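Fold and geometry: a report
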Amino acid sequence: MTSKQFINAILSEQQSDGSLPVLEGTLGPRAVDIQTLYARHGLLAFDPGFRSTAACKSAITFVDGDQGVLLYRGYPIEELAERSNFVEVAYLLMHGDLPSPAQRKEFDQAIGVHNLLHEQVLAFYRGFRRDAHPMAVMVGVVGALSAFYHDVIDMRNPGDRGKAAIRLIAKMPTIAAACFTYSIGRPNRYPDNGLDFSSNFLQMMFGVPSEPYRVDPVLARALEVIMILHADHEQNASTSTVRLAASSGANPFACIAAGIASLWGPAHGGANEAVLHMLAEIGTVENIPKAMARAKDKNDPFRLMGFGHRVYKSFDPRARVVQAQAKKVLSHLGIDDPLLNIAMRLEEIALKDEYFIERKLYPNVDFYSGILLRAMGFPLNMFTAVFALARTAGWVSHWLELQHDAHGIDRPRQLYVGPALRHYPPRS
Ligand code: CMC
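Computed from a prediction, not measured in an experiment: that's the story for all the values here.

Reading guide: rules and limits
Residues numbered from 1 in each chain as written. Predicted model: local features only at pLDDT ≥ 70, side-chain atom pairs only at ≥ 80, totals over all residues. Heavy atoms only, no water. Phe/Tyr/Trp six-rings, centres within 6.5 Å; stacked < 30°, edge-to-face > 60°. Lys NZ or Arg CZ within 6 Å of the ring centre and 35° of its normal. 1 Å grid on protein atoms, 1.4 Å probe; cavity = no way out; pocket = protein on both sides within 12 Å on 5 of 7 lines; lining within 4 Å. Points joined across faces, edges and corners; volume = space filled by probe spheres on them. Helix = DSSP H or I, 4+ residues; strand = E, 2+ residues; numbered from the N terminus. Nonpolar A, V, L, I, M, F, W, Y, C, P; charged D, E, K, R; others polar. Patch = residues over 30% accessible without salt bridge, like charges linked within 9 Å, V, L, I, M, F, W, Y side chains within 5 Å. Areas by Shrake-Rupley, 256 points an atom, 1.4 Å probe, with all protein chains shown as cover. Salt bridge = Lys/Arg side-chain N within 4 Å of Asp/Glu carboxyl O. Expected span 1.5 Å × (residues − 1). Buried < 20%, exposed > 50% of the residue type's maximum accessible area, 1.4 Å probe, protein only. Contact = heavy atoms within 4.5 Å. Near = heavy atom within 4 Å. Polar contact = N/O pair within 3.5 Å; in protein donor to acceptor, adjacent residues only side chain to side chain. Pairing = 2+ DSSP bridges.

One pass over the full model with this rule turns up 12 aromatic pairs. In textbook terms, an aromatic cluster arises when at least three aromatic residues are bridged by ring pairs, as seen for Phe307, Tyr355, Phe356, Phe367 and Tyr368. Geometry around Tyr355 places Arg359 over its ring, the cationic atom sitting 3.8 Å from the centre.

Under the counting rule described, the total for this entry stands at 2 cavities of 30 Å³ or more. Within this model, the largest cavity holds a volume of roughly 100 Å³. Taken as a whole, the second largest cavity spans an internal volume of roughly 40 Å³. Around the second largest cavity sit Tyr125, Phe128, Arg129, Arg130, Ala132, Val137, Cys179, Tyr182 and Ser183, which together line it. A total of 3 residues in the lining of the second largest cavity trace back to one element, the largest contributor, which is helix H8 (residues 158-184). Looking at side-chain class alone, the lining of the second largest cavity contains 6 nonpolar, 1 polar and 2 charged residues.

This part covers a nonpolar patch on the surface. Taken together, the side chains of Phe46, Leu415 and Val417 present a nonpolar region at the surface, about 390 Å² in accessible area. Within the secondary structure, Leu415 is located in the segment after helix H19 (383-402).

Its 15 residues give helix H7 (residues 134-148) an end-to-end C-alpha distance of 21 Å, which sits within 8% of 21 Å, the value for a rise of 1.5 Å per residue. Residues of H7 that are buried include every one of Pro134, Met135, Val137, Met138, Val141, Val142, Ala144, Leu145 and Ser146, and no others. Buried residues belonging to H7 abut helix H6 (119-125), H8, helix H12 (252-263) and H19.

Every one of the 21 residues lining the ligand counts as a neighbour, but His268, Arg303, Leu304, Gly306 and Arg310 are closest to it. Here an oxygen atom of the ligand and a side-chain polar atom of Arg303 are 2.9 Å apart. Interatomic distance of 2.9 Å between a backbone N/O atom of Phe307 and a nitrogen atom of the ligand. With the chains in place, 79% of the 940 Å² that the ligand exposes on its own is no longer accessible. Across the shell around the ligand, the residue classes tally to 9 nonpolar, 6 polar and 6 charged.

Every second residue of strand E3 (residues 61-64) is oriented toward a common face, the buried set being Thr61 and Val63 and the non-buried set Phe62 and Asp64. The pairing of E3 with strand E4 (residues 69-72) spans 4 bridges and is classified as antiparallel. For Phe62, the partnering residue across the bridge sits in E4 and is Leu71. Between the antiparallel neighbours E3 and E4 lie 4 residues, among them Gly68 with a positive phi of about 70°.

Put into structure tokens, the structure is as follows:
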């Protein structure tokens, strides 16, 4: 069958008896339901990078990459970044609606109850080299939580599932901050339930047990904004990893550890760290043309980190918000960061360059978030850990959503291109 005949077969079948239905979402492109394709035609769909595949139905987040739109449960990211806060956004992602004052109070209290780590968990840190990358430690420690919360979770019980989700959101800042304090040999600070989520994370990161820590409200708000922007992004690599792991019924803490592993890569959450390495490598504004030439050279693996996105082909709405925050924080702190000047000039040059225009490559959220985090005092290797603690809100929301999806285990097929059947040779 030629591909044309194949498409015609799908369309005629869809039209005649609806056996390959076209599904309508609330927003975005329609999808042909090909679940019975193999059974009916003996054919598989081949889409290795999932460029044309909707792997699931989801009601959490919507991205329109052509228009630069990002909605959490219908609310535009710009409005949430300006008017909401991370805990409220986490509630929204998990539950589908903004909380009432009473629901918000209950949610805050639950986070306050669950933000401590079992003291035995802290012992795990000592097993890591102190110069280990925080993401390596996060994968290990979050995975290890499954050893603490396994038999106590009844996956059929919505109350238990909700508690696991809250435990993950609540403990993640404590886990991430401990990665940092362990690496520099500083004693941990415990969470302070008198503070909001971001302020609490800042005091655990940068405070010492011997002195009170004064939270800078401008930095706390900037961190809230970063976390809101990173809280979810529909079926990205790490969220898909969480969903795939969860489809087998695996322990939620183990599923989130899998998501953290996937996020770590420089093509995904590791890009914020990679951007700063790249800007430092470029070094001066005069070296930008050389970097541009390398980014366009197909024989050179160098890419402009923080540029391009699988889905956004006009602009990443998060990038504008984070750029504004970066400028605000730098001016508040009186920092003149030469890397910001390189970043702004690089953006200007790339946006006028034919190669980038043709391929619709625009700055993504990570282009400026590293500069912002650096100004706030976060060490480079903690950038992706901050992303992970924000994205936990999205991961657990997808994990919860998946529990209502009756499609069973995720099990992709493949186009086998290995040797055909052959027989083991006789041995003398
Ligand atoms: N620099 C130079 N060329 C690029 C870049 C870049 N950053 N991104 C894409 N291209 C080129 C690519 O070489 C290809 O060229 P051609 O058509 O000539 O072969 C074309 O643009 C299309 O790229 P692609 O690789 O098909 O795009 P993709 O959708 O597979 O990859 C991406 C998306 C984000 C992995 C990629 O753009 C990239 O590696 N960017 C740098 C890393 C980065 O900033 N990642 C953070 C993503 S946002 C945060 C998150 O959601 O995790």
